[in-house]
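Residues per chain, in single letters:
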Amino acid sequence: LKDGDILIAYSSAIIKLNSDGTRDETFSGIGGNVDYIYTMAVSNNYLYCYPGYGKIRKYNLDTGNRITSYATGVRSFDQVHGVYKIIAQPDGKLIVGGSFDGYDNYSNVHHIMRLNTNGTLDYNFSIYPDKYVRDLMIADGSLYISGGFQNIGSTPAYNIAKFNSDSFLVDTTI
């Protein structure tokens, strides 16, 4: 975070600490009405988190206030078909991995998707693992995914795969 600030997620809350370790009292804190913070990501001046059910939520990183206009579609996740990992791309879009089949009214999304900065589905992102995606990482302009999958589309990919920035499969033998 900027200036060495730190976010701490515990149980059903997120707090922000200043770089000297004191609590940032201007940050309203996040939690109370969620069961658990499963995953979170930071992009630009926003914090994104998944509370274990419902929708991915977006908060202002300076104040902790929720941005209620984000991801207002009808699709919610539950604890069975949920989100395991969220990461932010440099352009502010989110890549979301988990065990889900669909987003909003679009059913051709399986276990991984990319969301635009307003929370709508990025239809240009097309990666199709046959089972859940547990972890995601961006390094050197490539996207790495791991999980319980055995195939990406029709290509064998045993639990790990690497993609270029256009979501084109590059390597399954990492």
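What comes next is a walk through the structure. (Residues numbered from 1 in each chain as written. Predicted model: local features only at pLDDT ≥ 70, side-chain atom pairs only at ≥ 80, totals over all residues. Heavy atoms only, no water.)

1. Brief notes about the packing of aromatic side chains
Within a pair of aromatic rings, the relevant descriptors are the distance that separates the centres and the angle that separates the planes. Enumeration over the complete set of coordinates arrives at three aromatic pairs. One cation-aromatic arrangement involves lysine 58 over tyrosine 46; the distance from NZ or CZ to the ring centre is 4.1 Å. The ring of tyrosine 84 has arginine 134 lying over it, and the distance from NZ or CZ to the ring centre is 3.9 Å. (Phe/Tyr/Trp six-rings, centres within 6.5 Å; stacked < 30°, edge-to-face > 60°. Lys NZ or Arg CZ within 6 Å of the ring centre and 35° of its normal.)

2. What to know about a nonpolar patch on the surface
Taken together, the side chains of Ile6, Ile8 and Tyr10 make up a nonpolar region of the molecular surface, amounting to roughly 260 Å² of accessible area. If you trace the backbone, isoleucine 8 turns up in strand E1 (residues 6–10). (Patch = residues over 30% accessible without salt bridge, like charges linked within 9 Å, V, L, I, M, F, W, Y side chains within 5 Å. Areas by Shrake-Rupley, 256 points an atom, 1.4 Å probe, with all protein chains shown as cover. Salt bridge = Lys/Arg side-chain N within 4 Å of Asp/Glu carboxyl O. Helix = DSSP H or I, 4+ residues; strand = E, 2+ residues; numbered from the N terminus.)

3. Comments concerning the sheet that holds strand E10 (residues 133–139)
A sheet is described by the order of its strands in space; here four strands give the open sequence E10-E11-E14-E15, paired in antiparallel fashion. In this open sheet, the two strands that pair with only one neighbour each are E10 and strand E15 (169–171). Between one strand axis and the next, the sheet turns by 30° as a mean value, whatever way the strands run. Where strand E14 (residues 160–163) meets E15, two bridges bridge the pair, whose relative direction is antiparallel. For phenylalanine 163, the partnering residue across the bridge sits in E15 and is leucine 169. (Pairing = 2+ DSSP bridges. Axes fitted to C-alpha atoms, helices over the stretch in contact; angles between N-to-C directions.)

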